[in-house]
Amino acid sequence: DTSAASAREVAEGLWRLRLPTPWPQISHANAYALDGADGSVVLVDAGCGGHASGLEAVEHALAACGRRLADVSDLVITHLHSDHFGAASRVAERSDCRVWASTKGEHFLGAFRDPERHRAERERLARRLGVPEPVVPEMADVREETDGIDGDLVADEPLREGTGIPTALGDLE
């Protein structure tokens, strides 16, 4: 439900975006919109993917703070879970923004790129670790990676210790 997306200004030039998730036990994920150094928007995280409503929720939340997807110059991905970067590929495509993300995404993006190999590896690992047999299929499941994101994501800029991303509030580190 994209109408559940919202924005609240927490400091001048900094908005918390509440983006709905498809899971009943977790109602939303937080993302943030910061005024960019040049009047643009630095978006931190992009919410859930796997359905057009994920991108619509980002657009709805940005509109609530007077911004548009086209205003996003930089997208910063804090970590690779579908509720934080699921809609990132669509955000990047529609805004033509620069993407900042960790280079250590094989654990998630690898399963998106080659789901059968990763499912089999997880199954072997679960059995080697003594996971009870009825739980093994759940441990091997790659649906979050295959169904929870809108597409593959390649960072334009790597996030490393000490990286500074310019915003109107100073560098986001």
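Residues numbered from 1 in each chain as written. Predicted model: local features only at pLDDT ≥ 70, side-chain atom pairs only at ≥ 80, totals over all residues. Heavy atoms only, no water.

**Thoughts on the overall build of the protein chain**
Stage number 1. The helix and strand inventory of the protein chain stands at seven helices and seven strands.
Stage number 2. Traced from its N-terminal end to its C-terminal end, the protein chain shows the element sequence β-β-β-β-α-β-α-α-β-α-α-α-α-β.
Stage number 3. By principal-axis analysis of the C-alpha atoms, the protein chain measures approximately 55 × 35 × 25 Å.
Stage number 4. Here the protein chain holds 173 residues, and the buried ones make up 42% of them.
Stage number 5. About 9200 Å² of surface is accessible on the protein chain, with carbon and sulfur atoms providing 49% of the total.
Stage number 6. For the protein chain, the centre of its 18 positive side-chain charges and the centre of its 31 negative side-chain charges are spaced 4 Å apart. (Helix = DSSP H or I, 4+ residues; strand = E, 2+ residues; numbered from the N terminus. Buried < 20%, exposed > 50% of the residue type's maximum accessible area, 1.4 Å probe, protein only. Areas by Shrake-Rupley, 256 points an atom, 1.4 Å probe, with all protein chains shown as cover. Lys, Arg positive; Asp, Glu negative; His and termini not counted. Charge placed at Lys NZ, Arg CZ, Asp CG, Glu CD.)

**Describing the side chain of Asp83**
Stage number 1. By the element assignment, Asp83 lies in helix H2 (residues 82-85).
Stage number 2. Ignoring anything within four residues of it in the chain, the contact list for Asp83 reads Thr21, Trp23, Ala29, Gly47 and Cys48. (Contact = heavy atoms within 4.5 Å.)

**Section: the packing of helix H4 (residues 106-113) against helix H5 (residues 115-128)**
Stage number 1. For the pair H4 and H5, the least separation of the axes is 5 Å and the interaxial angle reads 125°. Taken together, the axis directions place H4 and H5 in an arrangement best described as oblique. On H5, the residues that touch Glu106, His107, Gly110, Ala111, Phe112 and Arg113 of H4 are Pro115, Arg117, His118 and Arg122.
Stage number 2. Partitioned by chemical class, the residues of the contact of H4 with H5 number three nonpolar, three polar and four charged. (Axes fitted to C-alpha atoms, helices over the stretch in contact; angles between N-to-C directions. Parallel < 35°, antiparallel > 145°, perpendicular 65-115°, else oblique. Nonpolar A, V, L, I, M, F, W, Y, C, P; charged D, E, K, R; others polar.)

**Structural notes on the side chain of His118**
Stage number 1. With respect to the helices and strands, the residue His118 is situated in helix H5.
Stage number 2. Given a relative accessible area of 8%, His118 falls into the buried group.
Stage number 3. A polar atom in the side chain of His118 sits 3.1 Å from the side chain of Arg117.
Stage number 4. If we skip the residues at most four places from it in the chain, His118 touches Glu106, Gly110, Ala111 and Val142. (Polar contact = N/O pair within 3.5 Å; in protein donor to acceptor, adjacent residues only side chain to side chain.)

**Quick look at the sheet that holds strand S3 (residues 26-35)**
Stage number 1. In spatial order, the strands read S1-S2-S3-S4-S5-S6-S7; together these seven strands make up an open sheet with mixed pairing. Because the sheet does not close on itself, it has two edges, and the strands there are strand S1 (6-11) and strand S7 (157-158).
Stage number 2. The pairing of strand S4 (residues 41-44) with strand S5 (residues 72-76) spans four bridges and is parallel. In the strand pairing of S5, Val41 is matched with Val72.
Stage number 3. Strands in contact with helix H1 (residues 52-64) are S1, strand S2 (14-23), S3, S4 and S5; relative to S2, the strand with the most contacts, it is inclined by about 155°. (Pairing = 2+ DSSP bridges.)

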